[in-house]
Amino acid sequence: MNKLALLWVVPAFFVSMQSVAQTARTFTLTNSEDGESTLTCFLPDQPSGRAVVACPGGGYSHLAMEHEGTDWATFFNAQGIAYFVLKYRMPNGDRNIPLGDAYNAIKTVRDSAASWRVNPYDVGIMGSSAGGHLASVVSTHAPFAVRPNFTILFYPVISMDERSTHRGSVVGFLGEQRTDKNLVKEFSSDHAVRRHLTPPAIILTSGDDRVVYPVTNGVAYFSAMRRAGNPCALHVYPSGGHGWGFRSNFAYHEQMLGELTQWLKTLKSPREDALRVACIGNSITDGSGIDMAEVNGYPAQLQLMLGGGYRVKNFGVGARTMLNKGDHPYMQEMAWRDALAFNPNIVVIKLGTNDSKPENWQYGNEFEHDMQQMIDSLKSLPARPKIYLATPIRAFKVQWGINDSTIVNGVIPVIEKLAKKNKCAVIDLHAKFSDPDGKQMQVDGIHPTDTGAGQMARIICDALKE
């Protein structure tokens, strides 16, 4: 047994020694105008392109800068990951102070990507305890330009409800506004998770944590991510309490490092030069009714078909209309703002199904104007994207007012007219998509199954590759 124990310890020792050797540069930058927020940078000598910005915990009253911050540098640098420890300012009731510091830190890393050999599309955020709350709020609330690409959360504060979370963190973050039910819900990050828009996450916590109750915090965030169909991993260790960070006396320290390392290895890094493909649409693009749509929806399957030379993102939102006077206009959505900020090289627009509802198509004479507005907005982007207008797939049943007659006689002629006017390619999903075996459509006759999503992806892939 002693020999086996020795064999376990020695590799860990050598990994540590190698890690130290792989930190090429360490320096600290000022991160706020008053100089109180700083960013300590640890750059590896063999960079993979990935980067992590760490937010230490401390209940929004102080910061555990070592074991939840700088002590992690050798672990990340050994994997070629650039590592940045954020000293953020305490909110004292003004949540915008630490949020602004976190936003600026991510902006700095992305702005310096070329000189620091970082892939700007592979920048993650890490947070512990209250720092985990800050990291989760950045992941769910930040504008696209400063939203991280992945999230690492250690025993995170997620809820802002004093009855089920760490009270000191609530007092620090919300101050006197902590009795405002709307703000409590807005900044309880499990309520802010968005399908496709909230980045993949890993959560590591202890089941016996009595400082930040895991069920209403870390587990709640995992549950929200799973309901949304967003990739998320959860590791709950039997014991350890709260605040172990990088401390080696945590009983599951080596196991935790191994599981985090494996998750990082399996997390795909997009190529910097990949063509960006934005899939804009309603619930059919979103993947309504498809379990884990972020993995099994048509945009995800399109990504697999196109390969690493493309970066496909799903900007679909259920029930949305092209019509600005429709019941749920797409261009009022966060997803639309994100799609523009994505600055795509290629855009696939698949809207019109919900517009066929009588309560929406009463404004059908404005469909052309509103779609032209979308096209013009996309045309003005720096990337000057190639725009594909996809016709809606056939409505196999009249459902919720959606009907194929209006799609064929009202929506599709406008799409074809605008495609000709704007020199856009048309992807005729209505004609090419079929359900010969009854496995392509869900029982509602409107939404494809994951098999049908694969058929859609193949049709769109062939069009893009033409």
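Before any of the text, the structure's been laid out above.
Below you will find a few notes about this structure. (Residues numbered from 1 in each chain as written. Predicted model: local features only at pLDDT ≥ 70, side-chain atom pairs only at ≥ 80, totals over all residues. Heavy atoms only, no water.)

### Focus: the overall build of the protein chain
Right, on to step 1. Helices and strands together make up the secondary structure of the protein chain, namely 18 helices and 13 strands.
Right, on to step 2. Radius of gyration (C-alpha) of the protein chain: 24 Å, near the 23 Å computed for a compact globule of 466 residues.
Right, on to step 3. By its C-alpha atoms, the protein chain is 75 × 50 × 45 Å across when sized along the principal axes.
Right, on to step 4. Per-residue burial over the protein chain gives 57% buried out of 466 residues.
Right, on to step 5. Partitioning the contacts of the protein chain with sequence separation of at least 6, the portion at a separation of at least 24 is 75%. (Helix = DSSP H or I, 4+ residues; strand = E, 2+ residues; numbered from the N terminus. Rg over C-alpha atoms; globule rule 2.2 N^0.38 Å. Buried < 20%, exposed > 50% of the residue type's maximum accessible area, 1.4 Å probe, protein only. Contact = heavy atoms within 4.5 Å.)

### Description of the pairing of strand S11 (residues 346-350)
Right, on to step 1. Across the five residues that make up S11, a large majority, five, are buried.
Right, on to step 2. Burial along S11 is two-sided: Ile346, Val348 and Lys350 and Val347 and Ile349, pointing in opposite directions, are all buried.
Right, on to step 3. The pairing of strand S9 (residues 275-281) with S11 spans five bridges and is classified as parallel. Residue pairing in the sheet places Cys279 in a bridge with Val348 of S11.
Right, on to step 4. Direction of pairing for S11 relative to strand S12 (residues 386-390): parallel, over a ladder of four bridges. Bridge pairing in S12 links Val348 to Tyr388. (Pairing = 2+ DSSP bridges.)

### Some thoughts on helix H12 (residues 298-306)
Right, on to step 1. Every buried residue of H12 is accounted for by Tyr298, Pro299, Ala300, Gln301, Leu302 and Leu306.
Right, on to step 2. After H12 finishes, the residue Gly307 shows a positive phi value of roughly 90 degrees.

### With respect to the sheet that holds S11
Right, on to step 1. Read across the open sheet, the five strands follow the order S10-S9-S11-S12-S13; overall the sheet is parallel. Both edges of this open sheet fall to strand S10 (310-316) and strand S13 (425-427), since each of them pairs with a single strand only. Here the strands of the sheet are splayed against their neighbours by 20 degrees on average, with no regard to which way each runs.
Right, on to step 2. Here S9 pairs with S10 via seven bridges, running parallel. When the bridges of S10 are listed, Val277 appears paired with Val312. (Axes fitted to C-alpha atoms, helices over the stretch in contact; angles between N-to-C directions.)

### Digging into unusual backbone geometry
Right, on to step 1. Phi is positive for Tyr155, close to 30 degrees, though the residue is something other than glycine.
Right, on to step 2. Following the sequence through the fold, Tyr155 ends up in the loop between strand S6 (150-154) and helix H6 (167-174).
Right, on to step 3. The class of Tyr155 is buried, set by a relative accessible area of 1%.
Right, on to step 4. Backbone geometry places Trp400, a non-glycine residue, at a positive phi of 55 degrees.
Right, on to step 5. Its location among the elements puts Trp400 in the loop between S12 and helix H16 (404-422).

### Thoughts on helix H9 (residues 253-266)
Right, on to step 1. Along its 14 residues, H9 runs 20 Å from first to last C-alpha, staying within 8% of the 20 Å computed at 1.5 Å per residue.
Right, on to step 2. Turning to H9, its buried residues are His253, Met256, Leu257, Leu260, Thr261, Trp263 and Leu264. Looking straight down H9, one finds that the buried residues subtend no more than 160 degrees of arc, so they occupy a single side. For H9, the exposed residues lying more than 90 degrees away from the buried face are Lys265 and Thr266.
Right, on to step 3. Among the structural elements, helix H2 (73-77), S6, strand S7 (201-206) and strand S8 (232-237) are those in contact with the buried residues of H9. (Expected span 1.5 Å × (residues − 1). Arc of directions from axis to C-beta.)

It is worth stressing that arrangement in space is one thing and function is another; only the former is reported here.
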